[in-house]
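Structural overview for review
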Amino acid sequence: MDRFRGHSFLVANVLLAPTMLWLTLFLVLPLLVIFVYSFGGRGAYGEVELGFSLSNYTKAFSPLWLPVILRSFAFAGIATVLTLALGYPLAYFIAIYGGAKKNIFLILIMLPFWTSYLIRTYSWIVILRTEGVINTSLSWLGVISGPLDLLNTPFSVVLGLTYGFLPFMTLPLYASLEKLDKSLLEAAQDLGANRLWTLLRVTLPLSLPGVVAGTLLTFIPAVGDFVTPDLLGGPDTLMIGNVIQQQFLSARDWAYGSALSFSLMAILLVGIFLYVRKMGSEDLM
Amino acid sequence: MKRKRKDQRTKAKGLRAYVALVYAFLFAPIVVLVLFSFNDSRRNAAWQGFTTRWYGELINDGPVLDALANTMKIALVATVLATVMGALAAYALTRYRFRGSGLYNGAIYVPLVIPEIVFGVALLSGFNAAGVSLSLQTLIVAHVAFMISFVIVIVRARMSGFDRALEEAAMDLGANEFQTFLLVTLPFMAPGIIAGGLLAFVLSFDDFVITFFNSGVGNTTLPLKVYSMVKFGVTPEINAISVFMLTFSSLLLLLSWRIQRQSGKPVVTDEE
């Protein structure tokens, strides 16, 4: 039947070659470079001295830096829970009640998903800063006498992460709720379950792959994010991303920065791998 | 029965209100940016009257225009490269089943799941290890590396609806393999390629993190310019640039989705 079959292997590889060459040169090899760097040390002029030492890894998890890692996971974790609390009802509403306007509702979520994260984060500075929208409004109303410290706090960082990653949570949730067979919901209600019970015993379990996919897609970039803590945070809200940035751009300890980057990636890739083995990759992409 | 339906409606009313609040949360900051980009006050958040002054100042702001020019150069070249390579790869992955295709499929997802900052510092380290100094060219190379996968995913979604009998028919009618591709397969792929290209352009245009680590000296793009301006403090000009960038990206995205929808794919599947 298939006339291409004879040389299909060759043709396919030729067509894939440019992409694979590009990804090898500009993704795989660079990752190998930081892997090698991560066992090295910092030279006198900020250059990387290659070597084989695990000291960068022990340093990453030392009492000095461990809090940064824990904080990153904590902030990302809280933000993930918040996006779930905001995103699940949103996805549920669009999937079940969206009707003819479904696409409009979705586009309104996808636009922020694809537009500049930097600018969306910046917009919170305009709102939260001392002369910002909230402080100006509240003092005009006479509610406060002096400005509130809203910016550069754990609050503003978690808020920024929640805001930034809400679409990342909502879209996979929607994808799995959309697939849900609505007659199952009716069946549950006909059998006497109230809406809460239907939600807990039917909808939620069936949308679990979407919940896990959304959680990963939110949590992963949130842990490694540096734009949000950099713009909305302060010295006591440092996250892994900030430390990686400092090591590469100001402290010039690339070896340590590489070890942090590699640890971050390894932890997250293991998480994804476990997820895909259990649930399949369908809802993730 | 009747009572149950009424019960449902009141429940949905609570849900509707909640959803309205979530949408308000999503868009309030953007509305604020738009509003204050027209506010006739340099310092604070109180409304002082309508002005288009900040947009006017942008048009005469040399460094901002230079940054915009860099952004456009990078995005245009990187989009062409990523789209051509990505379309070829997507064609190969959907058209042929062969040993190792699973590995290729996996490789394509790596740029999509790897934390952006790790991608950024790895590229910086790679260029450093290879002794390549940073320039607009290295930025283009870096952008292509993260854009290809998005193009592949979108073109592949389009290809999944392709009826191979059309190719068979063309070849039965005497077309050779290359003519078949050019006259039958490529026109079918075209909407996916255009939509993927537009999306890739937006990703490049808006990219901050990877650009931040690989820009070197003097290769400022618009997002980098915004970042450095923000570091000096909030100004109405930043609001105006922001509104420009959001509008520009949104228009391209809407165009991309429109093309995908017209070619028979629902909006939901376009995203990845």
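Since the structure is predicted, the reported quantities are computational estimates derived from the model, not experimental observations.

All right, on to the overall build of chain B then. When helices and strands are counted, chain B shows 12 helices and zero strands. Along chain B, helices (α) and strands (β) appear in the sequence α-α-α-α-α-α-α-α-α-α-α-α when read from the amino end. Its C-alpha radius of gyration of 23 Å places chain B more than 25% over the 19 Å reference for a compact globule of 272 residues. Taken over the C-alpha atoms alone, chain B extends approximately 75 × 70 × 30 Å along its principal axes. Burial status across chain B gives 54% buried among its 272 residues. Within chain B, residue pairs in contact and separated by at least 24 positions form 71% of the contacts whose partners lie at least 6 positions apart.

One pass over the full model with this rule turns up 34 aromatic pairs over all chains. Ring plane angle 25° and centroid distance 5.1 Å describe the contact between A:Phe39 and A:Phe52, whose orientation is recorded as stacked. Note that A:Phe39 is positioned in the loop between α1 (5-37) and β1 (41-42) and A:Phe52 in the loop between β2 (48-49) and α2 (55-60), a separation of 13 residues in sequence. Following the ring pairs from residue to residue traces out a cluster consisting of A:Phe113, A:Trp114, A:Tyr117, A:Phe165, A:Phe168 and B:Phe150. One cation-aromatic arrangement involves B:Arg158 over B:Phe188; the distance from NZ or CZ to the ring centre is 4.0 Å.

Opposite the 99 residues of chain B that make contact, chain A presents 86 residues. Together chain B and chain A conceal approximately 8700 Å² of surface at their shared face, both sides included; 78% is due to carbon and sulfur atoms. In terms of surface lost to chain A, no three residues of chain B exceed B:Tyr23, B:Phe25 and B:Leu26, which account for 8% of the buried area on that side. Between chain B and chain A we count one salt bridge in total. Joining chain B to chain A, the criterion identifies 11 residue pairs in polar contact (both at pLDDT 80 or more). In terms of residue count, helix α1 (residues 2-37) of chain B provides more of the side of chain B that touches chain A than any other element does, 18 residues in total.

Put simply, chain B has an average pLDDT of 87, and 92% of its residues get 70 or more. In the model, residues 265-272 of chain B has pLDDT below 50 throughout and makes 20 contacts with residues more than four positions away in sequence or in other chains.

All names here are of chain A. Axis separation between helix α8 (residues 182-190) and helix α9 (residues 195-206) bottoms out at 10 Å; the angle between their running directions is 145°. Between α8 and α9 the crossing geometry is right-handed. Packed against α8, whose contacting residues are Leu 184, Leu 185, Ala 188 and Gln 189, the element α9 presents Arg 195, Thr 198, Val 202, Thr 203 and Leu 206 at the interface. Here the contact of α8 with α9 is built from residues that sort into five nonpolar, three polar and one charged.

Bringing the side chain of B:Asp207 into the picture now. Counting through the fold element by element, B:Asp207 comes out in the loop between α8 (177-206) and α9 (209-214). Buried charged residue B:Asp207 carries no salt bridge. Nearest counter-charge: A:Arg120, at 13 Å. Those residues within four positions of B:Asp207 in sequence are excluded, and the remaining contacts are B:Glu116, B:His143, B:Phe146 and B:Pro223.

Moving on, we come to the pattern of salt bridges. Counted under the stated rule, the structure contains seven salt bridges over all chains. We note a salt bridge from B:Lys231 to A:Asp230, for which the minimum N-O separation is 3.1 Å. Placement of B:Lys231 in helix α10 (residues 222-232) and of A:Asp230 in helix α11 (residues 227-232) is noted, with the two residues assigned to different chains. The closest approach of N and O atoms between B:Glu167 and B:Arg95, which form a salt bridge, is 2.6 Å. Pair noted here: B:Glu167 is in helix α7 (residues 165-172) and B:Arg95 is in helix α3 (residues 62-95), with a separation of 72 residues, a long-range link.

Residue and element names in this part refer to chain A. At a minimum axis separation of 9 Å, helix α3 (residues 66-97) and helix α10 (residues 208-224) run at an interaxial angle of 140°. As judged from the angle between their axes, α3 and α10 are oblique. The hand of the α3/α10 crossing is right-handed. Residues Ser 72, Phe 73, Ala 76, Gly 77, Thr 80, Thr 83, Leu 84 and Tyr 88 of α3 form the contact with α10, whose own contacting residues are Val 211, Thr 215, Thr 218, Phe 219, Ala 222 and Val 223. Per-class residue counts for the contact of α3 with α10 are eight nonpolar, six polar and no charged.

Attention now moves to unusual backbone geometry. Residue and element names in this part refer to chain A. Although it is not a glycine, Asn 152 sits at a positive phi angle of roughly 60°. Tracing the sequence through the fold places Asn 152 in the loop between α6 (133-140) and α7 (154-178). A positive phi angle, near 50°, is found at Arg 252, a position not held by glycine. By secondary structure assignment, the location of Arg 252 is in the loop between α12 (240-249) and α13 (254-279). Of the residues examined, Arg 252 reaches a relative accessible area of 35% and is grouped as partly exposed.

The subject of this paragraph is the nonpolar core. Of all hydrophobic cores here, the largest spans 184 residues; its most connected members are A:Trp114, A:Leu161, B:Phe208 and B:Phe213. Among the elements that line this core, the one with the most residues is helix α6 (residues 136-159) of chain B, at 17 residues. Contact partners of B:Phe213, with chain neighbours within four places excluded, come to A:Phe226, A:Gln245, A:Phe248, A:Leu249, B:Ile117, B:Gly120, B:Val121, B:Leu124 and B:Leu134.

Calculation criteria
Residues numbered from 1 in each chain as written. Chains lettered and ligands numbered in written order. Predicted model: local features only at pLDDT ≥ 70, side-chain atom pairs only at ≥ 80, totals over all residues. Heavy atoms only, no water. Helix = DSSP H or I, 4+ residues; strand = E, 2+ residues; numbered from the N terminus. Rg over C-alpha atoms; globule rule 2.2 N^0.38 Å. Buried < 20%, exposed > 50% of the residue type's maximum accessible area, 1.4 Å probe, protein only. Contact = heavy atoms within 4.5 Å. Phe/Tyr/Trp six-rings, centres within 6.5 Å; stacked < 30°, edge-to-face > 60°. Lys NZ or Arg CZ within 6 Å of the ring centre and 35° of its normal. Buried area = accessible area lost by both parts, 1.4 Å probe. Salt bridge = Lys/Arg side-chain N within 4 Å of Asp/Glu carboxyl O. Polar contact = N/O pair within 3.5 Å; in protein donor to acceptor, adjacent residues only side chain to side chain. pLDDT = per-residue confidence, 0-100. Axes fitted to C-alpha atoms, helices over the stretch in contact; angles between N-to-C directions. Left-handed = near helix turned anticlockwise from the far one by under 90°. Nonpolar A, V, L, I, M, F, W, Y, C, P; charged D, E, K, R; others polar. Lys, Arg positive; Asp, Glu negative; His and termini not counted. Parallel < 35°, antiparallel > 145°, perpendicular 65-115°, else oblique. Core = buried A, V, L, I, M, F, W, Y, C linked by side-chain atoms within 4.5 Å.

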